[in-house]
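# What the coordinates show
Listed below are the residues making up each chain.
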Amino acid sequence: SLTGQTDQCYTPGLPDSYGVRGAMYGPIYYVNAKILYALGNRPFVYNMPGCRVRCPDACKLGCPNPVYVPPPPEPACPIESNVTQPDRKWYEAMLFADCEGNEPNTLRLGERLSAGELTEVIEQFNVDPLTPEEYQCMLSSTNYSIPYGPGWVSDLLNSCVPLMSPPDNATDMDRRLACQGLMVNQSTNIVSMCTNGMPCKSFNAFATNGSLAEAALTCGTSALYKIVRTLASPDFIEASYQMVQMQESLTGQTD
């Protein structure tokens, strides 16, 4: 997006209301969850943020200075409760929830859902995850993806996966930031994960540029089949299209 602040929580007429919860937006959360499951099986989905901080309070731990963009005309379709239809659809598909008291917390998805509910979420993906050996191969892949260069995919996997799915050794601060779609950049500033130049903004390009499949090819035909099946599935294509629409819009709205 032109602002680097990609979220569905924009309020017409209030330019400072841009949210920063891009990674917590329904279609992106679903796309990330499906890729994470395909890469790392159930634990990666278990460790995803278990709730999200709703707008307009998505900046509990600090936000970048808003960039002024003149407010657009009123949307042709009303946005009930400031949530778009794509957001609601994938939010519900993931059995997602808003954080209690709208305060960021450390709750993981697998901690909030029962084992049966987590299985329900995962089964809708309808993909076979990589084996641990195949995933480790992906992490060390040095495929060449024009124009990104050798190792681009493996670098992003190593840097972005722990942001989207904080591992067991993540700090409480990491988890509180994750449920807001926020991260600490190299300058130690808190920014949106979807800010231009951040690893997870580039990670979303996996949905369209074929680089993830190219890396999988270097790890064998079984890995390639699993990744291609993930990327070519109708639900993934639909959510990815809505994700791209949101990230290319001035407001973050997709409908």
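Above this text you will find the structure in question.
What counts as what
- As a convention, each chain's residues are numbered from 1 in the sequence order in which they are written.
- Restriction of local features to residues with pLDDT of at least 70 applies here, the model being predicted, together with a cutoff of 80 or more for giving and counting side-chain atom pairs; totals for whole chains, interfaces and linings are based on all residues.
- The side-chain values count all of the structure's non-hydrogen atoms but skip hydrogen atoms and water molecules.
- Each helix corresponds to a stretch of at least 4 residues labelled H or I by DSSP, and each strand to a stretch of at least 2 residues labelled E; elements are numbered beginning at the N terminus.
- Summary of the burial criterion: residues with accessible area below 20% of their type's maximum are buried, those above 50% are exposed, and those between are partly exposed, where the area comes from a 1.4 Å probe applied to protein chains only.
- The criterion used for residue contact is that any of the two residues' heavy atoms lie within 4.5 Å.
- Polar contact is the term for a pair of N or O atoms within 3.5 Å; when the atoms are in protein, one must be able to donate a hydrogen and the other to accept it, and sequence-neighboring residues count only if both atoms are side-chain atoms.
- Orientation is described by lines fitted to C-alpha atoms, with helices fitted over the stretch in contact, and by angles between N-to-C directions that extend from 0 to 180 degrees.
- Roughly parallel refers to an angle under 35 degrees, roughly antiparallel to one over 145, roughly perpendicular to one between 65 and 115, and oblique to any angle outside these ranges.
- Ten residues, namely Ala, Val, Leu, Ile, Met, Phe, Trp, Tyr, Cys and Pro, are considered nonpolar, four, namely Asp, Glu, Lys and Arg, are considered charged, and the remaining ones, Gly among them, are considered polar.
- Cysteine sulfur atoms that come within 2.5 Å of each other are treated as a disulfide pair.
- Basic side-chain nitrogens of Lys or Arg form a salt bridge, by our definition, when they fall within 4 Å of a carboxyl oxygen of Asp or Glu.

### Considering the environment of threonine 230
- Examined against the element boundaries, threonine 230 turns out to sit in helix α12 (residues 221–231).
- Exposure remark for threonine 230: the relative accessible area of 2% places this residue in the buried category.
- Taking the C-alpha atoms as reference, threonine 230 lies 9.6 Å from tyrosine 37; in sequence the two are 193 residues apart.
- Those residues in contact with threonine 230 that sit more than four places away from it in its chain are Lys34, Ala38, Val127 and Phe236.
- Within the local environment of threonine 230, its side chain forms a polar contact with the backbone oxygen of lysine 226, the two atoms lying 2.9 Å apart.

### Here we look at unusual backbone geometry
- With phi around 70 degrees, asparagine 41 is a residue other than glycine that occupies positive phi space.
- In this structure, asparagine 41 sits in the loop between α1 (26–40) and α2 (42–46).
- A positive phi is found at asparagine 126, a non-glycine position, where the angle reads about 55 degrees.
- As for its position among the elements, asparagine 126 is in the loop between α5 (115–123) and α6 (132–139).

### Quick word on the packing of α6 against helix α7 (residues 152–164)
- Orientation of α6 relative to α7, taken along the N-to-C sense of each, is 110 degrees, at an axis distance of 7 Å. When the axes of α6 and α7 are compared, the pair comes out roughly perpendicular. Facing α6, whose interface residues are Tyr135, Met138 and Leu139, α7 presents Ser154, Leu157, Asn158 and Val161.
- Among the residues making up the contact of α6 with α7, the classes are represented as five nonpolar, two polar and no charged.

### What to know about the state of the cysteines
- Enumeration over the complete set of coordinates arrives at two disulfides.
- In this model, cysteine 51 is linked to cysteine 99 through a disulfide, with the two sulfur atoms separated by 2.1 Å. The S-S bond linking cysteine 51 to cysteine 99 shows a torsion near 85 degrees; that makes this disulfide right-handed. With cysteine 51 in the loop between α2 and α3 (85–93) and cysteine 99 in the loop between α3 and α4 (109–112), this residue pair connects regions lying 48 residues apart in the sequence.
- Two residues share a disulfide in this structure: cysteine 137 and cysteine 219, whose sulfurs sit 2.1 Å from each other. Note on the cysteine 137 and cysteine 219 pair: the S-S dihedral is about -90 degrees, so by sign convention the disulfide is left-handed. Here the residue cysteine 137 occupies a position in helix α6, and cysteine 219 occupies one in the loop between α11 (211–217) and α12, the gap between them amounting to 82 residues.

### Notes on the pattern of salt bridges
- Taken as a whole and judged by the stated rule, the model has seven salt bridges.
- For the salt bridge of glutamate 111 with arginine 108, the shortest nitrogen-to-oxygen distance reads 3.1 Å.
- Across the pair glutamate 134 and lysine 226 runs a salt bridge whose closest N-O atoms are separated by 3.0 Å. Linking glutamate 134 in helix α6 with lysine 226 in helix α12, this pair joins segments that are 92 residues apart in sequence.
- With a relative accessible area of 13%, lysine 226 lands in the buried category.

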